[in-house]
Amino acid sequence: MAIQLLLKTNTLQGSLYSTSVGRGPQRPSSPIPFCHYVCQSKPSWHMVIQPLLLNLQRRRLHQTPGLIEPFQPDAGCFRFSVSSFQVLLILTVLVLAAAFVGLEVQWSEQWESAHISLQALGPFLHIGAVFGMTLLAWPVASCFYRTSSKALKSLLLLLYLAALLALYLAPLGIDSPCLMEHRQLPPKPALFGHRGAPMLAPENTMMSFQKALHYGVSVWETDLLVSADGVPFIMHDEKLTRTTNVQAIFPDRAHANATSFQWNELQQLDAGTWFMQKPPFLMTRSFSSEDRYMAGAQRIISLKYLLREAKKHNMSIMFDLRPEEDPNYEHLVNVTVETILQSGIAPEQGVSS
């Protein structure tokens, strides 16, 4: 038994025949540019040729009979890549433009700090950009070798090399403390302890403020509420459920506003155990047994107590008196000012709200 596969190269004519015992010639194929390959099968080639013929027959059943499409690498690959790139580029520009407009409208006064932020993040953004351009090398090289247009090849190569050159020269224009010598650094800026040191201790507790003091902060930044009986105390949330055990002590009033509680009721609450039970930061798991014990012993502190500690350590305090939408907000301000004046803290220590 003989199986003959005939593929002739001709831009105008071509045919595909397969014959076997008991079957006549199959339907001729459409014209196909393909390599000229003639193989007269022998018994030793039977296992090689038969799968090939079966595969061709399957293709003829699912596609146009007899038609084998030639592979044209230039036909769609590069056009699709360029089109996708253009769409992605336009979308990126539009998103960035909308973002900058939004920032200008909402935080126009904060634009002055953008340069400082870029000074700190510049080296890391540069490393990320170099990594991204390295990943792009493979698809760029693929499209470069697949396209036959010399103009497109030149444009693609020039754009990619220009981007790489700009990235490798960028460090010359980055003015970041990460790249400066120690003697060239300006004086160290004053550090603010936001709610104390909330990554090292339960926020807005005395332990948190002491940790912040230990690490050299100059200002304690915190939040202030006023209890139902007129005592200013340190708390950020208007509800007590997140940072205290109010659900265990006052289950019927657990979701009431913190300002609805009397000061003696607030002093009964545990303001530190939650920090160990549901640690908000991974480093909490490495705390020593002493730190764990101290965290569990924390209570809500009053403004009067915090002012006394600030006076002792020559610390400044900055706080937000909340809630500002309270109809009796003026009364809250008067109570807070009176507490500050009674503390005897020096004006130059910079108590502000």
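Rules and cut-offs
Residue positions are given per chain, counting from 1 as you read along its sequence in written order. Per-residue local features are limited, in this predicted model, to residues with pLDDT of at least 70; the limit for side-chain atom pairs, both in listing and counting, is 80 or more; totals at the level of whole chains, interfaces and linings are taken over all residues. Here the side-chain values reflect all heavy atoms present in the structure, with hydrogen atoms and water set aside. UniProt positions are given in the numbering used here, feature names are shortened, and annotations may be inferred rather than shown by experiment. Secondary structure elements are taken from DSSP: a helix is a run of H or I of four residues or more, a strand is a run of E of two residues or more, and numbering for both begins at the N terminus. With a 1 Å grid spanning the protein atoms alone, the term cavity applies to any set of points in which a 1.4 Å probe fits but cannot get out, the term pocket to an open set with protein on both sides within 12 Å along at least five of seven lines, and the term lining residue to any residue with an atom within 4 Å of a point. Grid points are joined across faces, edges and corners, and a volume is the space filled by probe spheres set on the points. Here the term charged refers only to Asp, Glu, Lys and Arg, the term nonpolar to Ala, Val, Leu, Ile, Met, Phe, Trp, Tyr, Cys and Pro, and the term polar to all other amino acids, Gly among them. Here, a salt bridge means any Lys or Arg side-chain nitrogen found within 4 Å of an Asp or Glu carboxyl oxygen. Each residue is placed in one exposure class: buried if its accessible area under a 1.4 Å probe, protein chains only, is under 20% of its type's maximum, exposed if it is over 50%, and partly exposed if it falls in between.

Looking at an unreviewed UniProt entry, one finds the chain named GP-PDE domain-containing protein, with Anolis carolinensis as its source organism. According to the UniProt record, the Sequence similarities (unreviewed entry) comment for the chain reads "Belongs to the glycerophosphoryl diester phosphodiesterase family." According to UniProt, the comment filed for the chain under the heading Subcellular location (unreviewed entry) is "Membrane".

**Looking at the UniProt feature "transmembrane region" (unreviewed entry) in the chain**
Feature annotation in UniProt assigns "transmembrane region" (unreviewed entry) to the following positions: residues 85-103, 123-145 and 157-174. Here residues 123-145 is 100% helix and 0% strand, with 33 Å between the C-alpha atoms at its ends. Secondary structure content for residues 157-174 is 72% helix and 0% strand, while the C-alpha to C-alpha distance between its ends is 26 Å.

**Points about the layout of surface pockets**
Roughly 250 Å³ of internal volume is contained in the second largest pocket. Surrounding the second largest pocket, Thr 241, Arg 242, Thr 243, Thr 244, Asn 245, Val 246, Gln 247, Asp 270, Thr 273, Trp 274, Gln 277 and Lys 278 form its lining. Of all the secondary-structure elements, those providing two or more residues to the lining of the second largest pocket are α6 (246-249) and α8 (273-277). Counting residues per element, the lining of the second largest pocket draws most heavily on α8, which supplies 3 residues. Taken together, the residues that form the lining of the second largest pocket break down as 2 nonpolar, 7 polar and 3 charged.

**Describing the pattern of salt bridges**
Side-chain pairing between opposite charges can occur once the charged atoms of the two side chains come close. Summed over all chains, the structure comprises 8 salt bridges. Where Arg 242 meets Asp 237, a salt bridge forms, and the shortest distance between an N and an O atom there is 2.6 Å. With a relative accessible area of 36%, Arg 242 lands in the partly exposed category. Each of Arg 195, Glu 203, Asp 223, Asp 237 and Arg 242 takes part in salt bridges that share partners, so that together they form one network.

**Some points on empty space enclosed by the protein**
Taken as a whole, this structure holds 3 cavities of 30 Å³ or more when the rule is applied. For the largest cavity, the calculated volume is near 60 Å³. Together, Glu 203, Asn 204, Thr 205, Ile 234, Met 235, His 236, Thr 243, Ala 271, Arg 299 and Ile 300 line the largest cavity. For the lining of the largest cavity, the class distribution of residues is 4 nonpolar, 4 polar and 2 charged.

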